[in-house]
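Topology and contacts: notes
One-letter residues, chain by chain:
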Amino acid sequence: MRVPLSWLREYVDLPAGETGRDVQAKLVSAGLEVETVEQLGAGLKGPLVVGRVLAIETLEGFKKPIRYCQVDVGQANGTGEPQNIICGAINFAVGDKVVVVLPGAVLPGGFAISARKTYGKVSEGMICSAAELGMSDDHEGIIVLPPEYEVGTDAIEPLELVDEVLDIAVTPDRGYCLSLRGIAREVATAYGLPLRDPALLDVPAPNAHGYPVQVADRIGCDRFTARTVTGLDPEAHSPIWLQRRLQKAGMRPVSLAVDITNYVMLELGQPLHAYDRSRVSGTIGVRRAEPGEKFTTLDGTKRVLDAEDLVITDDNGPIGLAGVMGGANTEIADAQADSETGAVQGTTDVVIEAAHFDAVSIARTARRHKLSSEASRRFERGVDPEAASAAAQRTVDLLVLLAGGTAEAGVTEIVAPSAPHTITVAADHPDKVAGLAYGRETVVRRLQQVGCDVYGTDTLTVTVPSWRPDLRDPNDLAEEVIRLEGYENLPSTLPQPPAGRGLTERQRLHRRVGRALAGAGYVEALNYPFIGEEVLDQLGLAADDPRRDLVRLVNPLSDAEPALRTTMLPGLLAALRRNDGRGTHDLALFETGLVFRATGDEPPAISLPVDHRPSDEEIAELNTALPSQPRRAAVVLAGAREQSGWWGKDTPVSWADAVEAGRIVARAAGVELIVRQDQQDPWHPGRCAALLAVVDGQEILVGNAGELHPRVTKALGLPERTCAMEIELDRLERAAPGPVQAPHVSTFPVATQDVALVVDASVAAADVEAALLAGAGELLESLRLFDVFTGEQLGEGKKSLAYALRFRAPDRTLTAEEATAARDTAIAAAVERTGAVLRGA
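All of the points below concern the structure found in this document. (Residues numbered from 1 in each chain as written. Predicted model: local features only at pLDDT ≥ 70, side-chain atom pairs only at ≥ 80, totals over all residues. Heavy atoms only, no water.)

**Observations concerning the overall build of the protein**
Basically, it comes down to this: Here a strand is any run of E in DSSP of at least two residues, a helix any run of H or I of at least four, and the numbering for each starts at the N terminus. Only the C-alpha atoms count toward the radius of gyration. The rule for a globule is 2.2 Å times the residue count to the power 0.38. Contacts: residue pairs with any heavy atoms within 4.5 Å of one another. Computed with the Shrake-Rupley method and a 1.4 Å probe, the accessible areas treat only the protein chains shown as cover for residues. Neither His nor the chain ends contribute to the count of charged residues, in which Lys and Arg are positive and Asp and Glu negative. Where a charge lies is defined by one atom per residue type: Lys uses NZ, Arg uses CZ, Asp uses CG and Glu uses CD.
Of the regular secondary structure elements, the protein holds 20 helices and 45 strands. Here the C-alpha radius of gyration of the protein, 42 Å, is well above what a compact globule of 841 residues would show, namely 28 Å. Looking at the protein alone, contacts between residues at least 24 apart form 70% of all its contacts between residues at least 6 apart. Total accessible area on the protein stands at roughly 41700 Å², and carbon and sulfur atoms take up 50% of it. The positive charge centre, built from 83 side chains, and the negative charge centre, built from 119, are 4 Å apart in the protein.

Encoded structure:
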């Protein structure tokens, strides 16, 4: 909504020095979004005067019409002599009053005017068009002024070239602000000034002599006012002030009758329509369209109507698409001279329609026909139904004043019975919502400024004004009080969550895992949880693999991925391939989320009611139809784990890095993983590890890690030696001893003992570690495998595992004898359980 400040001052007596920026600040504080304040005429510098054309000489020999004009500008040029001006427009004649800019002036955009030679003549200024003065985009002809303008007088003020226009983005709930009346009310409230309401007019009572109207759909149209004006002068044009106000508001002047209806719509917010009475046959009606009914709107488009469309009709059929656009068959006719008699013909009698239509119906019709208009924008946001009679009267008054018409005494007004909307609200409700103590007097005063009638003491009964259909409940009233008191005055108060309602242990684990992987150098890559059968084939999954039991979607986003994922790897590997293809070759990605595993035992899903909340039993029954949704974490790696540099060559990723990623996740859950060799698709059979954890004394598989099979990397277009890890977080959570406890940091020194054990090649390092842990006792702080050796000196089928054991006591410094004893006990346990032999013994 574009609001000229000069027009706004007609309804509110703003302080003389108040600028558009000042008004903008007030409106923004009141909750309106003022996007810009446009400075019209910025940079305009006179002399810009009224001139009268004395003579016109048409210059020959040019591709376009060129006219050499003598224009009387009075004493504005200092000599009283006529100005000689070259002009290419042909829409004026000798004797016409025009706008002349003289040498020394500057037009909008920094266009300086000077006397110059052109087309063989000296042009002493310029005769101006609307576009050159920044009034509109019309370049077709120059401005021809009415004859009452005096020659030589300044043209800047009568043309209203200097002004400020506020461009306001009106939200859907504030439809009343799509009018000068609504904006003026907000400005008056913001400044604490009285409002001159333009809708307060003396309106005659309805009578039986008005134009006949029949409303068949009282829900779609609950109010219809019709007035008739006869004897209009078809040659009457919109005065300059009316045209300028429409132009500033962003509308194009068309003809006097149409301009007046647009002007009143901008002023009061009530859309109107003027019908040529000679083209209307019989009674005007309001009804729903018949399916397939055809109708041509004012834009010349022939439209096929829907049964839900609301139409205005006469005895011959539709004459308007209600609340959207009128019909071409009753359009106001432009004035035209008869070719034989010379008499001017045009519309002389009009019927004015001012109606109130259902907002939802108008919105649907406008969208159905892709026909958004200024009228439909207002109706779908809510129009004041009580303003229809005043808008019709204002239109009639302007037609009589400007077009010389006569208002007929007949007044038609059809009103569906309705009661004003009332809301009961506690007087302190705005206080509770805002967290401030406004008090009853402030609440009542602010609601009355909005236009509400307020009664009551502790409990208020509020009657909502007709122009505020958005006020429906107590919270709406609280919002009005808060915004008028100033959002900037609300305190900044942090919410106080009640105890016991923080993150669950499951949520904490999810976050710890993400932070741990990010801290280890992995980058999170979120992917869509959709897959197709093709990617499972590329992963090399067997036909009986449970991961092939897919949950298929009824309405998938893509036919190529119609099912929910059963493993996290497809999405991550696709992200890795995409980034590698774009030049990033050293990659470490991770993702946490759900996979979907159907068992086949899920019952069919029930249909929940839509008219009330489902019961707990119905929700529980629906949940049983859902597939299992375990949470997982997965990583993929490719390229170099450590970059090359002056320190040496890079370190390529390996299966060990994927295994270590599993350990990082497990440590975040407080679980120690057991790592064993495994064979599992899609990993390389010789470079795949099973990740196990102990739950209730039993080892369970929680995931796999290692290097992907070469066939998989080739099928998916991945870099060679790509590695991956996938682990189930729900199983890790069950294996966790409870909330992760912060370790006790001892102040006593550590005693380190190294041990190398020779075992059979088939013995897993995890079994040796478990034996050492069990035998070392409580003094063992940690152990680490730092070397694996095989060779002829050990014998065939043997390997040497070297461990670093760290011993520490929480309350004393260990002696060498205590550390050695603990080491020997650990070795003895390993010898007993795994058949290990101390190397070098």
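**Things to note about the side chain of threonine 261**
Tracing the chain through its elements places threonine 261 in helix α5 (residues 256-268). Leaving out residues up to four positions away in the same chain, threonine 261 has contacts with Leu272, Ala274 and Thr395.

**Side note on the pattern of salt bridges**
Any two side chains of opposite charge can pair if their charged atoms end up close together. Definition in use: We define a salt bridge as a side-chain nitrogen of Lys or Arg found within 4 Å of a carboxyl oxygen belonging to Asp or Glu. For every residue, the accessible area obtained with a 1.4 Å probe (protein chains only) is divided by the maximum for its type, and the residue is called buried under 20%, exposed over 50%, and partly exposed between those limits.
Counted by the stated rule, this structure contains 56 salt bridges. Note that glutamate 374 and arginine 378 form a salt bridge whose closest N and O atoms lie 2.8 Å from each other. Note that glutamate 374 and arginine 378 are positioned in helix α7 (residues 374-379) at a spacing of four residues, about one turn of the helix. Its relative accessible area of 1% is what places arginine 378 among the buried residues. Across the pair arginine 823 and aspartate 824 runs a salt bridge whose closest N-O atoms are separated by 3.2 Å. A residue is classified by how much of its surface remains accessible, and arginine 823, at 17% relative accessible area, is buried. Residue classification places aspartate 824 among the partly exposed residues on the basis of a relative accessible area of 39%.

**As for the environment of glycine 382**
Here glycine 382 shows up in the loop between α7 and α8 (388-403). Setting aside chain neighbours within four positions, we find glycine 382 in contact with Gly175, Tyr176 and Pro469.

**Quick look at the pairing of strand β42 (residues 751-760)**
Formally: At least two bridges found by DSSP between two strands are what make those strands a pair.
The pairing of β42 with strand β44 (residues 798-807) spans 10 bridges and is antiparallel. Note that in β44 the partner of leucine 757 across the bridge is leucine 801. As paired strands, β42 and strand β45 (residues 837-838) are joined by two bridges and run antiparallel to one another. The residue of β45 that forms the bridge with valine 758 is valine 837.

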